[in-house]
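Notes for the structure review
So you can see what is in the structure, the chains are spelled out below.
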Amino acid sequence: MSRSPLASAYAAVLASPDRPPGHPAQAARDDAELTMTYQDRFLPAPAFLGDDERRSVVTDLRTVYDLLRSLPDRLFGGDVAALARAVGMDAGQTALISRSARTGPLLPLGRADLHHDGEGFRLLEFNLTSALGGYQNPELNRAMLRYRPLHDFVELHGLRFRDTVRCMALGLLAETLPAGRPPLVVVTDTTPNFAIVGKALAILARLLTGHGVEAVACDLGRLRHERGRVSVDGRTVDVVLRYFLVEDLTDPVAAAQIEALLAAVEAGRVGLCSRLDSDLYGSKGALAMLSDDRHRDSFDAAERACIDRFLPWTRPVLPVVRDPGGTEVDLLAYARSARTELILKPTLLHGGNGIVAGWRADDASWERQVTAAMSGPYVLQQRVRPMAEPIGELTDGRPRDEFLNWGIYLGDRDTIGEDGYAGGFIRGSADPDAGVVSMAGGASVGCVFYAG
């Protein structure tokens, strides 16, 4: 059974004996940049969102975003530093985060990672940062539309896709607009990181250029700071689109470079997208605070309903917690008994790093990992089992089931229009027990079309 009537209808197209040979992934493979970025791992069909379904998930994401942004006021008396310490940031990270929180705007920008469990979407993580992967999803949409049966299906059902890069560019234009020319945007990361992701960031810079900005990619070490202004190759930079993360602030060299950049931001000489504190609101520790029943009275009835419907049970790794039924339990004993239904996650790392899926661990290693995480920057989250979606390679004339991680992008609705939906993509695995459905874990990637 498919989650979506559109998915069922397209599965019938794929299974038709009259379907021409090939599939949309072939067009994607003909694009050298897409092939490089996604390691030639493409799903043979896109995913589909109905209009009501898309509006519902975006509404829930906006509610969660607003709740996360409100955590300093609701739980810490307005103290951003207290929230930073609570999610596991060290003193240096906390100081930089707190300073950044006082500079410039922080427009909504992020990507939610979700599973659909057959009843609805469930939010696993909310990456609230400018350092987002999957931004080539509109290029994947365009490539796959070169497959005629998909093109005709999209036309027949009036489907669309959002250009995530264009939405990012509109957010950058909201940062600053110099007179008489497009703003110069630098897409940057730390020097060690840039050695790994520089080619990908150069692609992003190229895609951004043409949406009202001029963009170049470079590492932080190439930026120059003279008389308060930031420049690259002798040209004044208007906005820095950062791909370094809060976890990179522990490197002394990177921290010194970011210190100089932050001073220029504080002086109003350059824009920063996104502010450093966005990583704070996007941490798994902050998400756990919404789920944690110790804070339930801090939210109104509508907010609690969204949390209950949308978030799986997520708790900090403390000696005593309340289990999903509301009973106070010894956490280690509960983690032992419910191992196959739990996943352990560090609060601040990204890309699936440090995650341990209980159902893929043995009893001894699981207990050892949870014990080591006790009272540290970790959360335990209840497992969400994604429903099967028929979008894999054809087997006996029928599409193979895939288990999807949905990446839904959220932007500022006043900046990008509509309801803030900024596009989507999917990562799929044929393994229903995959701990993390990600590219690093061997998943394949596909694009998303939506109705409305």
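Summary of the structure given here.

This paragraph deals with the pairing of strand S17 (residues 378-382). Sheet topology note: the strand S12 (residues 314-316)/S17 ladder contains 3 bridges and is antiparallel. Bridge pairing links Pro316 to Val379 in S17. Inspection of the sheet shows strand S15 (residues 342-346) paired to S17 by 5 bridges, in the antiparallel sense. Its bridge partner lying in S17, Lys345 is registered against Val379.

So, about the nonpolar core. Among the nonpolar cores identified, the biggest contains 124 residues, and Leu68, Leu123, Phe126, Leu208, Leu241, Leu290 and Trp406 are the most heavily contacted of them. Counting residues in hydrophobic clusters, the runner-up holds 17 residues, among them Val329, Ala335, Leu342 and Trp366.

A few words on the sheet that holds strand S5 (residues 184-189). Pairing is parallel across the open sheet formed by 4 strands, whose spatial order is S6-S5-S10-S11. The open sheet has two edge strands with one neighbour each: strand S6 (214-219) and strand S11 (271-273). Strand-to-strand twist across the sheet, computed as the mean angle between neighbouring axes with direction ignored, equals 25 degrees. For S5 and strand S10 (residues 239-242), the ladder comprises 4 bridges, and the chain directions are parallel. Within the sheet, the bridge partner assigned to Val187 lies in S10 and is Leu241.

With that out of the way, let us pick up the packing of helix H10 (residues 164-175) against helix H11 (residues 191-208). Running from amino to carboxyl end, H10 crosses H11 at an angle of 75 degrees, the nearest separation of the two axes being 9 Å. When the interaxial angle is binned, H10 and H11 end up roughly perpendicular. Between H10 and H11, the residues in contact are Val165, Met168, Ala169 and Leu172 and Leu204, Leu207 and Leu208, respectively. A breakdown of the residues in the contact of H10 with H11 according to their chemical character gives 7 nonpolar, no polar and no charged.

Taken as a whole and judged by the stated rule, the model has 9 aromatic pairs. Both rings, one in Phe121 and one in Trp406, keep their centres 5.3 Å apart while their planes meet at 80 degrees; by these two values the pair is edge-to-face. With Phe121 in strand S3 (residues 121-127) and Trp406 in strand S19 (residues 398-410), the pair connects residues that are 285 residues apart, well separated along the chain. Measuring from centroid to centroid gives 5.1 Å for Tyr421 and Tyr450, while their planes differ by 75 degrees, and the two rings are edge-to-face. Taken together, the residues span a long stretch of sequence, with Tyr421 in strand S20 (residues 421-429) and Tyr450 in strand S21 (residues 444-451) at a distance of 29 residues. Here the two residues Tyr421 and Tyr450 agree in accessibility, since each one is buried. For the cation-ring pair, Arg383 lies above Trp359, with the distance from its terminal atom to the ring centre recorded as 4.1 Å.

Our focus in this paragraph is helix H9 (residues 148-156). Regarding H9, the residues found buried are Pro149, Leu150, Phe153 and Val154. Looking straight down H9, one finds its buried side chains confined to an arc of 135 degrees; they lie on one side. Every exposed residue of H9 that faces more than 90 degrees away from the buried side is listed here: Arg148, Glu155 and Leu156. In this fold, the buried residues of H9 make contact with helix H1 (5-15), helix H2 (24-29), strand S1 (47-49), helix H8 (137-144), strand S4 (159-160) and S21.

Here the focus is the pattern of salt bridges. Within this structure, the stated rule accounts for 32 salt bridges. Between Arg322 and Asp293 there is a salt bridge whose closest N-O contact spans 3.9 Å. Of this pair, Arg322 sits in strand S13 (residues 320-322) while Asp293 sits in the loop between helix H14 (284-291) and helix H15 (301-310), placing them 29 residues apart in sequence. Given a relative accessible area of 25%, Asp293 falls into the partly exposed group. One continuous salt-bridge network, built from bridges that share partners, spans Asp51, Arg54, Arg55 and Asp419.

This part takes up the side chain of Arg275. Along the polypeptide, Arg275 turns up in the loop between S11 and helix H13 (278-281). Assessed through its relative accessible area of 8%, Arg275 is described here as buried. At 3.5 Å, the side chain of Arg275 forms a polar contact with the backbone oxygen of Ser100. Excluding its chain neighbours within four sequence positions, the residues that come into contact with Arg275 are Arg69, Ser100, Ala101, Thr103, Gly104, Pro105, Leu106 and Arg242.

Looking at the element boundaries, Arg99 is found in helix H7 (residues 91-100). Among the residues examined, Arg99 registers a relative accessible area of 18% and is labelled buried. A polar side-chain atom of Arg99 sits 2.6 Å from a polar atom in the side chain of Glu259. Those residues within four positions of Arg99 in sequence are excluded, and the remaining contacts are Glu259, Leu262, Ala263 and Glu266.

Here the focus is the sheet that holds strand S16 (residues 356-357). Spatially, the 4 strands line up as an open sheet ordered S12-S17-S15-S16, and their pairing is antiparallel. Of all the strands in the sheet, just S12 and S16 have a single pairing partner and so form its edges. Each of S12, S15 and S17 touches H14; the most contacted strand, S12, lies at about 110 degrees to it. Relative to S15, helix H17 (residues 363-373) is tilted by about 40 degrees, and along the sheet it contacts S15, S16 and S17.

Bringing unusual backbone geometry into the picture now. Here the amide bond leading from Cys273 into Ser274 is cis, since omega sits at 0 degrees, within 30 degrees of zero. Along the chain, the position of Ser274 falls in the loop between S11 and H13. Despite not being glycine, Asp233 shows a phi value in the positive range, around 50 degrees. Tracing the backbone shows Asp233 in the loop between strand S8 (229-232) and strand S9 (235-236). Exposure remark for Asp233: the relative accessible area of 63% places this residue in the exposed category.

Conventions used here
- Residues numbered from 1 in each chain as written.
- Predicted model: local features only at pLDDT ≥ 70, side-chain atom pairs only at ≥ 80, totals over all residues.
- Heavy atoms only, no water.
- Pairing = 2+ DSSP bridges.
- Helix = DSSP H or I, 4+ residues; strand = E, 2+ residues; numbered from the N terminus.
- Core = buried A, V, L, I, M, F, W, Y, C linked by side-chain atoms within 4.5 Å.
- Buried < 20%, exposed > 50% of the residue type's maximum accessible area, 1.4 Å probe, protein only.
- Axes fitted to C-alpha atoms, helices over the stretch in contact; angles between N-to-C directions.
- Parallel < 35°, antiparallel > 145°, perpendicular 65-115°, else oblique.
- Contact = heavy atoms within 4.5 Å.
- Nonpolar A, V, L, I, M, F, W, Y, C, P; charged D, E, K, R; others polar.
- Phe/Tyr/Trp six-rings, centres within 6.5 Å; stacked < 30°, edge-to-face > 60°.
- Lys NZ or Arg CZ within 6 Å of the ring centre and 35° of its normal.
- Arc of directions from axis to C-beta.
- Salt bridge = Lys/Arg side-chain N within 4 Å of Asp/Glu carboxyl O.
- Polar contact = N/O pair within 3.5 Å; in protein donor to acceptor, adjacent residues only side chain to side chain.

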